[in-house]
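A structural walkthrough
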Amino acid sequence: MDRETTRSCMRGQPQDRDQSNPPLFCGFPLCLSIVKKRSREGSSNLIDDVTLARAIHVIAVVFWIGGVAMVTTVLLPAVRRFKSPNERVAFFESVEQRFARQARLSTLIAGLSGFYIMYRLDLWGRFGSVSFWWLHGMVCVWLLFTLLLFVLEPLFLHRWFHTRADVAPDAAFRLIQGLHWLLLGLSIITIFGAVAGSHGFLLFG
Ligand code: HEM
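Residues numbered from 1 in each chain as written. Predicted model: local features only at pLDDT ≥ 70, side-chain atom pairs only at ≥ 80, totals over all residues.

Before going further, it helps to examine the site of the ligand. Residues in close proximity to the ligand total 24 residues, the closest being Gly 114, Met 138, Trp 142, Ala 194 and Ser 198. Elements represented by at least two residues in the shell around the ligand include exactly helix H1 (3–10), helix H3 (49–79), helix H4 (85–121), helix H5 (133–167) and helix H6 (169–198). For the shell around the ligand, a count of residues per class yields 17 nonpolar, 6 polar and 1 charged. (Near = placed C-beta within 6 Å. Helix = DSSP H or I, 4+ residues; strand = E, 2+ residues; numbered from the N terminus. Nonpolar A, V, L, I, M, F, W, Y, C, P; charged D, E, K, R; others polar.)

If you want it as structure tokens, here you go:
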């Protein structure tokens, strides 16, 4: 994809697509199709569907990665100061369980809105360019969290953490905190790349 095409994608202009009758994405919320239909009808005051999807995408990322930052930098250090190991596990689990529900929903919404933008702007070609490393980063971070939240945590991580916390609570919490820092670090690098990249700052372009 050349630079001009890239810039027009950044301005939200779809590539090689017949805009008189763009197809609808079957799984995406009804409101987007209504907004799209209205904007086709010429209501210039209305926000267009890609901008709306981008805003939804960013809000989902704020809930999700903001929650990870809160757990990593505030909750885990506070919980580690609790005297009783049982109290630590019980408190951490009750908060983390609630957050896991919120994280699952926001992961789902971020994925749907992200793929919707890709589809509408026909950005698939970006996957072939190293300038868009942040796009690969977004998909990798998303896949990692999806695997953790939807597969590993319910199937095995939850039980594993309980067993480890019974035997060696300090080591278990250290490991959990290390993993949270790793995930948060990857997410922050990705967010930096995505915001800079989608506003024209391409590191390897
Ligand atoms: C399936 C996963 C994902 C897909 C397909 C996806 C796709 C996209 C697309 C197409 C854009 C618009 C790029 C542009 O306007 O040039 C975008 C923007 C963005 N995404 Fe993602 N994304 C995904 C996951 C994530 C994740 C996990 C994060 C955070 C770690 C993230 C953070 C952002 C941010 C911060 C923006 C920039 C919004 C802006 O400044 O305009 N995305 N994403």
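What follows concerns the nonpolar core. Formed by 21 residues in total, the largest nonpolar core has its most connected members in Trp 64 and Met 138. For this core, the secondary-structure elements that each account for two or more residues are H3, H4 and H5. The residues touching Trp 64, leaving out its near neighbours within four places in the chain, are Ala 103, Ser 106, Thr 107 and Ala 110. Formed by 9 residues, the second largest nonpolar core is a distinct cluster that contains Val 89, Ala 165, Phe 173 and Ile 176. (Core = buried A, V, L, I, M, F, W, Y, C linked by C-beta atoms within 7 Å. Buried ≥ 20, exposed ≤ 12 C-beta atoms within 10 Å, placed from the backbone. Contact = placed C-beta atoms within 7 Å.)

Geometrically, a packed helix pair is captured by the angle between its two axes and the distance between the axes. At a closest axis distance of 10 Å, the pairing of H5 and H6 adopts a crossing angle of 165 degrees. Looking at the two axes, H5 sits roughly antiparallel to H6. Our pair here, H5 against H6, has a crossing hand that is left-handed. Residues Trp 133, Trp 134, Gly 137, Met 138, Val 141, Phe 161, Arg 164 and Ala 165 of H5 pack against Pro 169, Ala 172, Ile 176, Leu 186, Ser 187, Ile 189, Thr 190, Gly 193, Ala 194 and Gly 197 of H6. (Axes fitted to C-alpha atoms, helices over the stretch in contact; angles between N-to-C directions. Parallel < 35°, antiparallel > 145°, perpendicular 65-115°, else oblique. Left-handed = near helix turned anticlockwise from the far one by under 90°.)

An ideal rise of 1.5 Å per residue puts 44 Å on 30 residues; H6 measures up with 43 Å between its terminal C-alpha atoms. Here H6 has its buried residues at Ala 172, Phe 173, Ile 176, Ser 187, Thr 190, Gly 193, Ala 194 and Gly 197. Those residues of H6 hidden inside the fold are in contact with H3, H4 and H5. Taken from the residues just after H6, Gly 200 is the one with a positive phi, measuring 105 degrees. (Expected span 1.5 Å × (residues − 1).)

Here we come to the confidence of the model for the chain. Residues at a pLDDT of 70 or more form 77% of the chain, whose mean pLDDT is 83. Mean pLDDT in the chain bottoms out at H1, which sits at 50, and peaks at H3, which reaches 96. Every residue in residues 11–27 scores below 50 in pLDDT, and together they form 20 contacts with partners more than four places removed in sequence or on other chains. (pLDDT = per-residue confidence, 0-100.)

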